[in-house]
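Residues per chain are reported as follows:
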Amino acid sequence: MTADLLVHDAYIYVDRDWEIPSGWIAIKDGRVLAVGDSTNEPEAKRRISANGRLVTPGLINCHHHMYQNLTRSFRPVTNGTLFEWLTGLYPLWAELDADSVYLSTYVAIAELLLGGCTTSMDHMYVHPKPFLIDAQFKAANEIGYRFYATRGSMTRSVEDGGLPPASVVQSEDVILEDSVRLVEKFHDAAPGAMNRVALAPCSLFSVTERIMMESARLAEKHDLRLHTHLAEDPEEDVYCQEVYGCTPVEYFERVGWATPRSWVAHFIYPKPEEISRLAHAGVCTAQCPCSNMMIGGGSADLMGLRAKGMPVGLGCDGSASTDSASLWLEARTALLLGRYKNGPHSMSARDALDAATRGGAACLGWEEIGHLRPGACADLVIWQMSEVSLAGALSDPVEALLRCGPATAGTTIVNGVPLVENGLPNLPNLNDVLKEHMKQARRIQRLNP
């Protein structure tokens, strides 16, 4: 059989226990057809030489807020705590509409592709206008990106003891009805799907108990995954104790979320016994190393969570806190944090890469991504670094990927289609989108035209 595409002359990280020092990957119909060493290369309609560089599975972003790139590095909140940062930005995010969400999603995906990310979720929980997630799918489908929307929600405004203004929260019935609409319109449960939907109330302190419980029931009915922030900030413990009389994790369990359907973001401040309980229940975690360090709120112990049996993926989190969307940078920072916290023997580059690939796939419940074994989705990255950065790195290209750098994607392939080549995105509308994004960012930040 002739392959559609052959990537050859590569050091291939196929999976966490399979590497090919000099090999090739054959792609057919959006799937990995075969992998092999330098011998017996199959015929292909197109060939791309990696020129001896490292090839890995595409990285997976399992926590993000794409709309927030409209308020990057917003000066009034750059030195705020989490709650100060949120209350400072909510009034700006109240100006979101379908056009700004489409543009911010398009820009976010372009940035993620350049950082080697081939699948991303997005946690869209601010809804001042209807059909914002529809606009996200429009952008993702135009690009040809593997996109996992999560229908976020908030019900508690300032008037109800919450943080956001009333203009960005919704009623319980609107949230639940729109959740079902999005699932019926966009969710594709088939292997190799490009569009999926999960349910994602923003946080325990921003929605009612009914929304948490009804979301869990809908997830069971429609076979969906569940996502939320959990144990992100010490103030969350204070809130939950005052309102619910328990810890955030205890409340999470009480509303029926401690199931294999759930993955949570951050998970910085649980008690040790709570980690064990959620790991036993099958819950996964998305660590967001750069965002947590930027906002000064600590960070999850990636290897400590894994040691207790909890799968851990990586997320960029919102661009207004991280101010970048590079999964390469998140993986490198996760490696640095792990070694800083637990010593040089505690974590390797392969551990961080495994979190960015297999760990992310576990969070999203997606078996056919995060590796390059035959039958996997054809999502992969040929990494590039300057010759100066790699000078002397001769013995281990996987360690060099995260220890040296900076690294970017020379080629990013999604579903068998190159979306980045020679370090540049194959997105013909990108320049026009960036111009319109600038206009929307200035409008939302209340800057003069």
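Scroll up to find the structure.
Reading the values: the criteria
Residues numbered from 1 in each chain as written. Predicted model: local features only at pLDDT ≥ 70, side-chain atom pairs only at ≥ 80, totals over all residues. Heavy atoms only, no water. Disulfide = S-S within 2.5 Å. Buried < 20%, exposed > 50% of the residue type's maximum accessible area, 1.4 Å probe, protein only. Helix = DSSP H or I, 4+ residues; strand = E, 2+ residues; numbered from the N terminus. Pairing = 2+ DSSP bridges. Phe/Tyr/Trp six-rings, centres within 6.5 Å; stacked < 30°, edge-to-face > 60°. Lys NZ or Arg CZ within 6 Å of the ring centre and 35° of its normal. Axes fitted to C-alpha atoms, helices over the stretch in contact; angles between N-to-C directions. Parallel < 35°, antiparallel > 145°, perpendicular 65-115°, else oblique. Left-handed = near helix turned anticlockwise from the far one by under 90°. Contact = heavy atoms within 4.5 Å. Nonpolar A, V, L, I, M, F, W, Y, C, P; charged D, E, K, R; others polar. Salt bridge = Lys/Arg side-chain N within 4 Å of Asp/Glu carboxyl O.

### Quick word on the state of the cysteines
Note on terminology: disulfide describes a covalent bond linking the sulfur atoms of two cysteines. Counting across every chain of the model gives zero disulfides. As a non-bridged cysteine, Cys 117 has Cys 316 as the owner of its nearest cysteine sulfur, 6.6 Å distant. Free of any disulfide, Cys 290 has its nearest neighbouring cysteine sulfur in Cys 316, separated by 7.8 Å.

### Overview of the pairing of strand β1 (residues 3-15)
Counting buried positions along β1 yields 11 of 13 residues, so the element is predominantly enclosed. Here β1 runs beside strand β4 (residues 44-49); their pairing, made up of five bridges, is parallel. Across the sheet, the residue bridging to Val 7 is Ile 48, located in β4. Two strands pair when backbone bridges link them, and β1 and strand β2 (residues 18-28) are joined in this way by seven bridges, in the antiparallel orientation.

### Considering the packing of aromatic side chains
A complete count under the given rule lists 13 aromatic pairs for this structure. Measuring from centroid to centroid gives 6.1 Å for Tyr 67 and Tyr 125, while their planes differ by 80°, and the two rings are edge-to-face. Remark: Tyr 125 occurs in the loop between β7 (117-124) and α3 (132-143) and Tyr 67 occurs in the loop between β6 (59-61) and α1 (82-93); sequence separation between them is 58 residues. Residue class for Tyr 67 comes out buried when judged on its relative accessible area of 1%. Look at Tyr 125 and you get buried, because its relative accessible area is 3%. Ring plane angle 85° and centroid distance 5.6 Å describe the contact between Tyr 148 and Trp 366, whose orientation is recorded as edge-to-face. Residue Tyr 148 is found in strand β8 (residues 146-153), and its partner Trp 366 is found in the loop between α13 (349-364) and β14 (380-384); the two are separated by 218 residues along the sequence. Connected via pairs of aromatic rings, a cluster forms that spans Tyr 67, Trp 85, Tyr 90, Trp 93 and Tyr 125. The aromatic ring of Tyr 102 is capped on one face by Lys 138, whose charged end is 5.1 Å from the ring centroid. In this structure, Arg 196 packs its charged tip against the face of Trp 366, placed 4.0 Å from the ring centre.

### Remarks on the packing of α3 against helix α4 (residues 172-186)
Between α3 and α4, the least distance of the axes is 11 Å, while the angle of their chain directions is 20°. Classed by the angle they form, the pair α3 and α4 counts as roughly parallel. Here the hand of the crossing between α3 and α4 comes out right-handed. Contact residues: α3 offers Ile 133, Asp 134 and Phe 137, while α4 offers Arg 181, Leu 182, Lys 185 and Phe 186. Grouping the amino acids of the contact of α3 with α4 by side-chain chemistry returns four nonpolar, no polar and three charged.

### Notes on the pattern of salt bridges
Opposite charge on two side chains permits them to pair, given that their charged atoms come into close proximity. Enumeration over the complete set of coordinates arrives at 27 salt bridges. One salt bridge connects Glu 368 with Arg 196, and the closest N-O pair in it is separated by 3.8 Å. Linking Glu 368 in the loop between α13 and β14 with Arg 196 in strand β9 (residues 195-201), this pair joins segments that are 172 residues apart in sequence. An identical accessibility class is assigned to Glu 368 and Arg 196; each is buried. Residue Arg 306 is joined to Asp 354 by a salt bridge in which the shortest nitrogen-to-oxygen separation is 3.3 Å. On the criterion of sequence distance, the pair formed by Arg 306 in helix α10 (residues 302-307) and Asp 354 in helix α13 is long-range, its members being 48 residues apart. It is possible to trace a salt-bridge network through shared partners that takes in Asp 134, Arg 151, Asp 178, Arg 181 and Lys 185.

By themselves, these are just geometric observations and shouldn't be taken as functional.
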